[in-house]
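This is what each chain is made of:
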Amino acid sequence: ITHVLNCAGVACLEYHAPDSTLTYRTLFLYDSPQQELGAVLYESLAFIADALASGGKVFVHCQQGVSRSASLVIAYVMWTRGLNFLDAHTLVKEARGVAEPNAGFVCALVAFGKRLRARPLTAPSPTAASADGGSTPRSAASADGGSAPPSAGGGSSSSSGGGSGGSSGGSSGS
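A brief report on the enclosed structure follows. Treat the numbers as computed from the prediction; the structure is a model and nothing was measured.

A word on the nonpolar core
With 35 residues, the main nonpolar core has L5, C7, M78 and F112 as its most contacted residues. Here the element with the most residues in this core is helix α2 (residues 68-81); it accounts for nine residues.

Printed below as a string of structure tokens:
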């Protein structure tokens, strides 16, 4: 593991942050249907994509590995594999059986899927912000050399690119 996406900075400390071998990104998300997921979605996808493009492996986690990190892994799988929410959720759930985004995150992910279908994403620049204020995630080319978006994960798994909930950027969880 080279990168850590902590989705629960409100509850989980960066225990290994001083370790210079890990690159951390911490999100202060609550596992609440009222929590805005869109505000961190593209930043998270870019973090995972950049890590994977550089040959890294990403561990995506939250407090329980159920909702917050699972949601970001599902978003990454939707983006990289062109799947709708239900198919991406099923894929992540196969890797992390407890993956179950809360109702608010499900709504945000369904809306994200609609945006993806309306305006398919290709391999965005790893560091460039989107010109339209955030309707397209930033990322690097996929690990397979294609132009697919990055993987996301959460909970308690790691990733080396491509896969779900435990791969493709991590595992899933709250």
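More follows now that the structure is in view.
Observations concerning the pattern of salt bridges
Scanning the model with the defined rule gives two salt bridges in all. A salt bridge links E43 to R25; the shortest N-O distance between them is 3.4 Å. Remark: R25 occurs in strand β2 (residues 23-26) and E43 occurs in helix α1 (residues 38-53); sequence separation between them is 18 residues. Taking relative accessible area as the criterion, E43 reaches 28% and is therefore assigned partly exposed. Residue E100 pairs with K93 through a salt bridge whose shortest N-O separation is 3.1 Å. Classification of E100 as partly exposed rests on a relative accessible area of 40%.

Some remarks on the packing of aromatic side chains
Aromatic rings considered in pairs are described by the distance between their centres and by the relative angle of their planes. Taken as a whole and assessed by the stated rule, the structure comprises two aromatic pairs. For the ring pair Y42 and F112, a centre distance of 6.0 Å and an interplane angle of 65 degrees mean the geometry is edge-to-face. Here Y42 is found in helix α1, whereas its partner F112 is found in helix α4 (residues 103-118), with 70 residues between them in sequence. Here Y42 matches F112 in class, with each residue buried. Residues Y76 and W79 carry aromatic rings whose centres are separated by 6.4 Å and whose planes lie at 85 degrees to one another, so their mutual orientation is edge-to-face. In this pair, Y76 and W79 both sit in helix α2, three residues apart, roughly one turn of the helix.

Rules behind the numbers
- Residues numbered from 1 in each chain as written.
- Predicted model: local features only at pLDDT ≥ 70, side-chain atom pairs only at ≥ 80, totals over all residues.
- Heavy atoms only, no water.
- Core = buried A, V, L, I, M, F, W, Y, C linked by side-chain atoms within 4.5 Å.
- Buried < 20%, exposed > 50% of the residue type's maximum accessible area, 1.4 Å probe, protein only.
- Helix = DSSP H or I, 4+ residues; strand = E, 2+ residues; numbered from the N terminus.
- Salt bridge = Lys/Arg side-chain N within 4 Å of Asp/Glu carboxyl O.
- Phe/Tyr/Trp six-rings, centres within 6.5 Å; stacked < 30°, edge-to-face > 60°.

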